[in-house]
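Analysis of the macromolecular model
Chain by chain, the residues:
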Amino acid sequence: MIEILSLCFFDVVSSEELMTEFTLQLGTTLPLYEQIYRYVVDEIRTGRMRAGEALPSKRRLCSHLGVSMSTVETAYGMLVAEGYLESRPRSGYRVCTVRPLEPAPPPSPVPPAALFPASHVSVLSDCFSTSAVDTEAFPYASWARLSREAISRNAGLLQRGPGQGDLELRETLCRFLHQYRGVSCVPEQIIIGAGLEYLISLLLQLLPASTVLGLEDPGYHAIYRTADNLRLRSVPIPVDSQGMSADALARSPATVAYVTPSHQFPLGVTMPVGRRMELLHWAAAAPERYLIEDDYDSEFRYTTRPIPAMQGLDSGGKVVYVGTFSRSVAPSIRIAYLILPPILLDCYCRRFVHTSSTVSRFEQYTLRAFIDRGLYTRHLRRVGNLYRARCSLLTSALADLPGAQITGNNAGLHFLLWLEGREESAVCSSAAQAGFAIHGLSEYCHQVHPVCGGLVLGFAGMSASEIPERAADLRTAILRVSRL
């Protein structure tokens, strides 16, 4: 049975009696101190207790309620800490000024469709995703061993590190990128960040407000969205068989161009050195011009050695180089890097000198050791062979489709399947009916239009044993669509 106690509050300073009945419920799950706290808060918020009014002393309240001093001290302490009461010397506790809230209107109902994606999307298989990697190929044993080493031997990693990332990792990246990609830089130019999207967003904030960003068309969705989110003007620049068109770029109002020269997304073309030099000459022609080189999956080439980065050809500090370990190690590792030319580096140091690194120092240590001890290059050889075999297996299964042509399969983790005579959207719908999602080339186009339908197909997320069945399903979905 709940015992009810009552309390009367008196204004002991003004002698004006303020009587408010307060019932304290004993035996409930709500602690006594919280009952007192909630009651006073409600009285103040509703205006029944006015600013300046005095509350009973702690001793008097203990006596009236029959509770311990610690109970009342806890309740009053919470009220003082949150600004409902103030403690005045020789005057006790008084109510602070808190403006009562007007009743809020009920929130407008939100249609469920605005909160959740369509239900059929969530059940579709993403086996042909261009962003997936083989999780079975992840170096579990090596990574776990290095992670334990980072935790057990490096108490200093618990402290806040440099905002640009730990110097040891940046030194390691300098050596690795110079050896394998021909990149020329010093550790001070490198910024380590949690993912490519974060670093691109940071980079775009370093550019002048008048910047016009030239983006590949067709091109990577995320960079278009990032530019829009930052209210940065962008213009699509068409991509031909050699990459971003230098002539179209020169005719455009763009002052900064974003390119993927090693393996253009989504067309998969590789930019030859002649086109690279044309873009470098364009950038050198005006002081505010820059090239952003996204080297997102340059580690994987199946017919030749990796092509040196365009940054290595730059002698005027005009190329910003960005790369990531999401494709070569795992997407969830979330470690990417940005290499800034001197002018933009100076701007970064002035604007972001007090920021902290967005990547755990334990992960930075693990990655550095993984590279320094030769485990990363060993891992690249292993997964490169796996992906080469899977790419060959999938392309062989699709190459004999009527009107089919495959391009961009000499590098990276995706290729294009061109389907002359078949409607791209109809093929994608047919695949969705079969239970898996595929993306058409037109989804990545902004002003250009492909001359015939094309499918952008990834293969890294499938095992070799899965590919024949998945390829057969895709063939069936394609053949279900009548030719034009």
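1. Describing the sheet that holds strand 10 (residues 290-294)
Read across the sheet, eight strands follow the order 5-12-11-10-9-6-7-8 without closing on themselves; strand pairing throughout is mixed. Across the chains shown, the open sheet's two edge strands, defined by having one partner strand only, are strand 5 (190-193) and strand 8 (243-244). Sheet topology note: the strand 10/strand 11 (residues 319-324) ladder contains four bridges and is parallel. Considered in strand 11, the bridge of Leu-291 is made with Val-319.

2. Details of the layout of surface pockets
The gaps of empty space that remain are located by a probe, the size of a water molecule, rolled over the atoms. A volume near 580 Å³ is recorded for the largest pocket. The class makeup of the residues in the lining of the largest pocket is nine nonpolar, nine polar and six charged. Its boundaries defined by the atoms lining it, the second largest pocket holds a volume of some 480 Å³. It is helix 14 (residues 375-398) that provides the largest number of residues to the lining of the second largest pocket, a total of seven residues. Classifying every residue of the lining of the second largest pocket by side-chain character gives 10 nonpolar, five polar and six charged.

3. Some words on the state of the cysteines
Considering all chains together, one arrives at zero disulfides under this definition. Just so you know, Cys-127 is unpaired, no disulfide at all, and the nearest cysteine sulfur is the one on Cys-428, 13 Å from it. Cysteine Cys-428 is unpaired, with the sulfur of Cys-445 as its nearest cysteine sulfur at 12 Å.

4. What about the confidence of the model for the protein?
Residue-level pLDDT values for the protein average 87, and 91% of them are 70 or greater. Taken element by element, the predicted model of the protein shows its lowest mean pLDDT in helix 5 (residues 119-122) (45) and its highest in strand 9 (residues 256-259) (98). pLDDT under 50 marks residues 1-20. Its contacts with residues more than four places away, or in other chains, come to 49 contacts.

5. A short note on a nonpolar patch on the surface
Together, Val-273, Met-277 and Leu-313 make up an exposed nonpolar region whose accessible area comes to about 240 Å². In this structure, Met-277 sits in helix 11 (residues 273-284).

Rules used in this analysis
Counting restarts for each chain, with residues numbered from 1 along the sequence as it is written. Restriction of local features to residues with pLDDT of at least 70 applies here, the model being predicted, together with a cutoff of 80 or more for giving and counting side-chain atom pairs; totals for whole chains, interfaces and linings are based on all residues. With hydrogens and water set aside, each side-chain value is computed from the structure's full complement of heavy atoms. Between any two strands, pairing holds if DSSP finds at least two bridges. A helix here means a DSSP run of H or I that spans at least four residues, while a strand means a run of E at least two residues long, and both kinds are numbered starting from the N terminus. Cavity means a closed set of points on a 1 Å grid over the protein atoms alone, one where a 1.4 Å probe fits but cannot get out, pocket means an open set with protein on both sides within 12 Å along at least 5 of 7 lines, and lining means a residue has an atom within 4 Å of a point. Grid points are joined across faces, edges and corners, and a volume is the space filled by probe spheres set on the points. We call Asp, Glu, Lys and Arg charged. Ala, Val, Leu, Ile, Met, Phe, Trp, Tyr, Cys and Pro are nonpolar, and the rest, Gly among them, are polar. Only a pair of cysteine sulfur atoms within 2.5 Å counts as a disulfide in this structure description. Per-residue confidence from the predictor is given as pLDDT, running between 0 and 100. Contact criterion: two residues are considered in contact whenever any of their non-hydrogen atoms come within 4.5 Å of each other. Think of a patch as exposed residues, more than 30% relative accessible area, with no salt bridge, where like charges cluster within 9 Å and nonpolar side chains (Val, Leu, Ile, Met, Phe, Trp, Tyr) cluster within 5 Å. Surface accessibility in these figures is a Shrake-Rupley result with a 1.4 Å probe; residues are shielded only by whichever protein chains are displayed. What makes a salt bridge here is a side-chain nitrogen of Lys or Arg within 4 Å of a carboxyl oxygen of Asp or Glu, nothing more.

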